[in-house]
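If you want the building blocks of each chain, they are given just below.
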Amino acid sequence: MSIPSQKVSSSNKLIYQRLKQAIDLNLRRQIFIAACDDLCLRDCLAARLQTELAAESAGSDPRSAIHYPRFVSLELDLSDPNPWGSIAAWLTQHPPPQNRGSYSPWPTFQIIGAEHLTRQSAAVQWSFLSYLRDIEANLQMCESTVLLWVSRPWLSSIEHSAPEFWHWRTGVFEFEGEPTPAKGDFGHFDDFRNSGDLRNLRDKGDFGNQLLIPSLSGQSPIPDEQSPIPDRQSPISYPPSPAPDSKSVQLTEDEQSPISHPPSPAPDSKSAQLADLVLAAASEELEAENDAASEDNFLPLQTLQYIELLQEHQCSCEALALAYHSLGNYYRDRILGGDVSEQNLTIAIRAIEQVIAYLDVDDTNSQQNQPLTEECARLIAQLKQNLTQYAQESNSLPPISDLLNDLGTLYWMLSRDRTNALNASDPVSSLERSIALYLEGLNRTDAETVPQTRVRLNKNLGIASADLARYRDKTENLQHAVAAYQQALLDLDPAVEPQQYAAAQNNLATAYWNLAQDGEPIVYLKSAIAAYTQALSCYSPERQPLNYAGVQNNLGTACWNLAQHEPSEPLLVRAISAYREALKYRTRELVPAAAAATYNNLGTAYWHLANQFQQKQARTESLQQAIAAYETALDIAGELDRTQLTFDALAARNNLGLAHYQLATDPHFPANKVAQTSHLEAALHHQLQVCAEWGQHLNDKGLTYGDKLNLQAAANSQAADSRQTALSYIVKTIRAFYSECGLPGQNLALSKVPGDLLPEILRRL
């Protein structure tokens, strides 16, 4: 293991020597915890331990087993974060020599990578803490010493949520260091609601230090995600739920011809179940004593009567398919009107499934046509006459590929309804069904199929695949989404359908962005930037201002993200330019939540520009711009309910405090005492505000500080991490007051600290 270059402070050198001496004692079953927020420093110290202790073991004792390592570094498996399992696996692969003797100690294992758990799901994080709590059972089977590297937020989580492990600790070694800005993750697009286009800027960064990352506090900008809708275009920021293709057939009166039709099969259990669902829905609305609803209920009930008569007289499968399609259209229209309930979705799905089933029977029995009876002809004519609201276009059913597209979209909507419901069930099965239907629809297209049908199917297939990637096989499903969007674009002419083309490019870019979070980030991010640029070429800010602004925001995020992998001042400047262009149309008056998220992104981009590339004066100006952007974001956020925000406001406030702290303490930023004191006071104010909002977070849950908080919940975990970050910087700010203003300055700072925080602050000081 090569040792990274890193300047180590004298205090950290002392802590390192103490840690190394503790390991050198070669005692059995020692549990050491090393906390370090600076990932570069952590890598340096871990590599040095590996090099120095491995070198010492090479020949320190002539009686020791030859070539058996004394010190082993293991990376935590994020898919199954079981440190004991990793140690056991290593010992299985490298069994100790038979002639170990009393002078050959067990190797010491250092476990690194726990900071990356913050990118994982709450269930994975909780399983890690659960494994730590099982320490007693595992130590009985292993005599090795264990050194666990963590960030400070994880140190606090272990202390409170894994008390068994904490009780067994031999020593805790806390190294000083600034939290490392982490890489972004498959996060949440400013306006992403679970699928295919781009979310805004909430992060799930590499929160190895959820402290001051991307948005300096554990949140990296993430594109907004649009939810594409078949045959219609919606603003990127606030996409409505996808709806079945509006080309669904509608019934109109037509001449009857003496064409023969195959007889319909007898009613089956699915027909009866659908009838029960419709009757139950109608009964619920009738009981509400709403006259309008009661009159409206007559339409599906009347359709059910016709279906029963058609089945009784064994009318043609096509006639029954038309009737069921009319029933499906009724509930589809209710869904498009905003009544997206699971009940309406289920009835619409069952109705369209019946349409497809009868059409398949019709194809199978095409050689067994029987003449249309007089009664069947009368019923069909009456059905068309009484249900004229369903269409003026045609009295024939749409192509099977369009029906499969509609059905796939309804299942997709059902997956989202279940995702958002309180009694949510697993949406994976609905997404799998949706994808299978889109694929079947594509398989049923032929040379005569209009290109728009293929576009709809491929675009919707991409959306559903991207949604499924959130639950399993992320890379594979995102690659499927990319392929589907690319196929859709082959059938789209940007000159003829610019908005459809732009939306598909935006979706494609989002899929690339998400792929970049798991591997080959440079390649995928460059592809995302190219696709966003193509989308912008087809959006007019005058005609589609919100779409245009959303893609500009996404472009800025992709440029910012690429700059984290290929440090580049021009990339950050381009990101800033894109965010500012987006804010011309994404205003606080029009879309306040989206505007706040973009201002937060803008502050993050300026902060990175100031800290990575610029000269003294330019850095000062960029930090001031970051402060202005964060202040605007928080000002807008203060006018909104917390549930409307798509970024972490506590993290943004921490970042704002950090920018003030840097302007006050960085020796490269010349400032007079008045300016220094002003910035220090502002930094302390925002850091204390984070702690106050943490207290409010507890009060909202009926808890007090010290109560056990469920850290599986993302909101709780983020709030706890933000508080730990704030406490760390409160201590640093108070020390800066003392350094710059002496004892009176320190007393001034302490006087601003609330009484409930003083004991913890004084202990840290």
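Residues numbered from 1 in each chain as written. Predicted model: local features only at pLDDT ≥ 70, side-chain atom pairs only at ≥ 80, totals over all residues. Heavy atoms only, no water.

Our next topic: the packing of helix 15 (residues 451–468) against helix 16 (residues 474–490). Direction vectors running N to C along helix 15 and helix 16 enclose 165°, while the axes themselves pass 8 Å from each other. As the angle between them shows, helix 15 and helix 16 are arranged roughly antiparallel. Between helix 15 and helix 16 lies a crossing of left-handed hand. Residues Val455, Asn458, Lys459, Leu461, Gly462, Ile463, Ser465, Ala466 and Leu468 of helix 15 touch helix 16, and the partners they reach there are Asn477, Leu478, His480, Ala481, Ala484, Tyr485, Gln487 and Ala488. Looking at the contact of helix 15 with helix 16, its residues break down into 10 nonpolar, six polar and one charged. (Axes fitted to C-alpha atoms, helices over the stretch in contact; angles between N-to-C directions. Helix = DSSP H or I, 4+ residues; strand = E, 2+ residues; numbered from the N terminus. Parallel < 35°, antiparallel > 145°, perpendicular 65-115°, else oblique. Left-handed = near helix turned anticlockwise from the far one by under 90°. Contact = heavy atoms within 4.5 Å. Nonpolar A, V, L, I, M, F, W, Y, C, P; charged D, E, K, R; others polar.)

Okay, helix 18 (residues 521–538) next. Relative to the 26 Å expected for 18 residues at 1.5 Å per residue, helix 18 spans 26 Å between its end C-alpha atoms, a close match to the ideal helical length. Residues of helix 18 that are buried include every one of Tyr524, Leu525, Ala528, Ile529, Ala531, Tyr532, Ala535, Leu536 and Cys538, and no others. Against helix 16, helix 17 (498–516), helix 19 (545–565) and helix 20 (569–583) lie the buried residues of helix 18. (Expected span 1.5 Å × (residues − 1). Buried < 20%, exposed > 50% of the residue type's maximum accessible area, 1.4 Å probe, protein only.)

So, about the sheet that holds strand 5 (residues 171–174). If you trace the five strands from one edge of the open sheet to the other, you get 2-3-4-1-5, paired in parallel fashion. Sheet topology places strand 2 (71–75) and strand 5 at the edges, where each strand pairs with a single neighbour. With strand direction ignored, the average angle separating the axes of adjacent strands in the sheet is 20°. Sheet analysis places strand 2 next to strand 3 (residues 108–112), joined by five bridges and oriented parallel. For leucine 74, the partnering residue across the bridge sits in strand 3 and is isoleucine 111. Against the sheet, helix 1 (residues 10–24) contacts strand 1 (31–35), strand 2, strand 3, strand 4 (146–150) and strand 5, and its axis sits at roughly 155° relative to strand 5. (Pairing = 2+ DSSP bridges.)

Structurally, asparagine 405 can be placed in helix 13 (residues 400–420). Among the residues examined, asparagine 405 registers a relative accessible area of 0% and is labelled buried. A polar side-chain atom of asparagine 405 sits 2.8 Å from a polar atom in the side chain of asparagine 460. (Polar contact = N/O pair within 3.5 Å; in protein donor to acceptor, adjacent residues only side chain to side chain.)

With that settled, consider the pattern of salt bridges. Working definition: two side chains of opposite charge can pair if their charged atoms are close together. Evaluation of the coordinates by the stated rule reveals 21 salt bridges. Measuring nitrogen to oxygen at the nearest pair gives 2.7 Å for the salt bridge that ties arginine 332 to aspartate 333. The class of arginine 332 is buried, set by a relative accessible area of 9%. What makes aspartate 333 partly exposed here is its relative accessible area of 35%. We note a salt bridge from lysine 584 to glutamate 581, for which the minimum N-O separation is 2.9 Å. You can call lysine 584 exposed: its relative accessible area is 56%. (Salt bridge = Lys/Arg side-chain N within 4 Å of Asp/Glu carboxyl O.)

Tallied over the entire structure, the rule returns zero disulfides. Just so you know, cysteine 36 is unpaired, no disulfide at all, and the nearest cysteine sulfur is the one on cysteine 40, 9.5 Å from it. (Disulfide = S-S within 2.5 Å.)

Next up on the list: helix 23 (residues 649–665). Working note: α-helix, 3.6 residues per turn, so residues spaced by three or four point in the same direction. Counted at 1.5 Å a residue, the expected span for helix 23 with its 17 residues is 24 Å, and the 24 Å between its end C-alpha atoms agrees. Of all 17 residues in helix 23, 15 are buried, a share of seventy percent or more. Two to three positions downstream of the cap, the backbone nitrogen of leucine 650 sits 3.0 Å from a side-chain oxygen, assigning the N-cap of helix 23 to aspartate 648.

With that settled, consider the nonpolar core. Tyr324, Leu327, Tyr331, Tyr532, Phe647, Ile730 and Ile761 are the most contacted members of the largest nonpolar core, which totals 145 residues. Once residues lying within four places of it in the same chain are set aside, the contact partners of isoleucine 761 are Leu727, Ile730, Val731, Ile734 and Val753. Formed by 31 residues, the second largest nonpolar core is a distinct cluster that contains Ile31, Val124, Leu139 and Val150. (Core = buried A, V, L, I, M, F, W, Y, C linked by side-chain atoms within 4.5 Å.)

This next bit is on the environment of tyrosine 585. Residue position: tyrosine 585 is located in the loop between helix 20 and helix 21 (592–612). A C-alpha to C-alpha distance of 6.0 Å links tyrosine 585 and alanine 549, two positions 36 residues apart in sequence. If sequence neighbours within four positions are ignored, tyrosine 585 has contacts with Pro541, Pro545, Leu546, Tyr548, Ala549 and Leu590.

Now for the packing of aromatic side chains. One pass over the full model with this rule turns up nine aromatic pairs. Taking 6.0 Å as the distance between ring centres and 65° as the angle between the ring planes, the aromatic pair formed by phenylalanine 32 and phenylalanine 173 counts as edge-to-face. Of the two residues, phenylalanine 32 sits in strand 1 while phenylalanine 173 sits in strand 5, which places them 141 residues apart along the sequence. Their ring planes at 85° and their centres at 5.6 Å tell us that phenylalanine 128 and tryptophan 154 sit as a pair that is edge-to-face. Of the two residues, phenylalanine 128 sits in helix 4 (residues 122–133) while tryptophan 154 sits in helix 6 (residues 152–161), which places them 26 residues apart along the sequence. We note that phenylalanine 128, like tryptophan 154, is buried. (Phe/Tyr/Trp six-rings, centres within 6.5 Å; stacked < 30°, edge-to-face > 60°.)

Their axes nearest at 8 Å, the elements helix 17 and helix 18 cross at an angle of 165°. For the element pair helix 17 / helix 18, the angle class is roughly antiparallel. In the packing of helix 17 onto helix 18, the handedness of the crossing is left-handed. For the pair formed by helix 17 and helix 18, the contact residues are Pro498, Tyr501, Ala502, Gln505, Asn506, Leu508, Ala509, Thr510, Tyr512, Trp513, Leu515 and Ala516 on the first element and Pro521, Tyr524, Leu525, Ser527, Ala528, Ala531, Tyr532, Gln534, Ala535 and Cys538 on the second.

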